[in-house]
Each structure stands twice: as structure tokens, then as C-alpha cells.
Amino acid sequence: MCLAVPGKILSLAERDGTLMSLVDFGGIQKDVCLQYIPDAAVGEYVVVHVGFAIQRLDEESAIKTLTEFEHLGVLNEEFGDGFAIAARQAGLTAPTDSATTEVTP
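Residues numbered from 1 in each chain as written. Predicted model: local features only at pLDDT ≥ 70, side-chain atom pairs only at ≥ 80, totals over all residues. Heavy atoms only, no water.

The name given to the chain in an unreviewed UniProt entry is Hydrogenase, and the organism recorded there is Mycolicibacterium llatzerense. Comment text from UniProt for the chain, heading Sequence similarities (unreviewed entry), reads "Belongs to the HupF/HypC family." (UniProt positions renumbered as here; feature names shortened; annotations may be inferred.)

Have a look at this one:
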């Protein structure tokens, strides 16, 4: 599933000519591109889709949405370890770095 998720802008930075921000999604922090909303400010809430802030959102609506997403388990599904989630859904053990095997010709 790929949702647009509200988050709070924690910091702003320019990286390689691109306006970026650190955004908090109910305790999960991710880098987000702000090129579509270049005048966004620290403390504002934005709606983020596939790593891009696409619109502003008022704080009350953002918190209400984040609370509901957390209750439904959407935040973990959206931001969690995709391999571990897929393995759990398939009833398998999640892959780990130590589980990799070397193939010899």
C-alpha cells in the first residue's frame, strides 16, 4: 500500500540543489523532498506521498490522521521493514543479514 501520510517538519536543508526536510510521522522520522512546497516552514504539517511533500495540513487534522493510522497499524506497514512484514504475512521467518549464503561456481 502506498499512502499519503501527514508529518511535522522538524528541519530544513538544501542537498544537491534540492530542498529537503526531516519530517516526523508520529515518532518515525524520514527525509522528505519539499520542492513542491518550497515555502514550507519548520513546525508545519505536510502530507507526504512517496517521499515528496504534496500539500500543507492543519495540525488538528494531521494529529487525528496519524492517530488513526497508528491505531490501524498503517504507519508500521508504510514505514516498517518491508521484508519482515512480507515474511510475517507469508508465515515465514524474516530474512537477516546473517542468513545470506555465498554461492560458489
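Caption draft 1: The side chain of serine 21, seen in detail. Here serine 21 is to be found in strand β2 (residues 18-25). The contacts of serine 21, once residues within four sequence positions are left out, are Ile9, Ser11, Leu12, Lys30, Asp31, Val32 and Leu34. (Helix = DSSP H or I, 4+ residues; strand = E, 2+ residues; numbered from the N terminus. Contact = heavy atoms within 4.5 Å.)

Caption draft 2: Inspection of the pairing of β2 at higher detail. Of all eight residues in β2, six are buried, a share of seventy percent or more. Connecting the antiparallel pair strand β1 (residues 4-15) and β2 is a turn made up of two residues, with aspartate 16 showing a positive phi of about 55 degrees. In this sheet, strand β3 (residues 28-33) lies alongside β2 in antiparallel orientation, the contact comprising six bridges. Following the sheet pairing, methionine 20 is matched in β3 by cysteine 33. Following β2, the chain reverses through two residues before pairing antiparallel with β3; glycine 26 in that reversal takes a positive phi of roughly 60 degrees. (Buried < 20%, exposed > 50% of the residue type's maximum accessible area, 1.4 Å probe, protein only. Pairing = 2+ DSSP bridges.)

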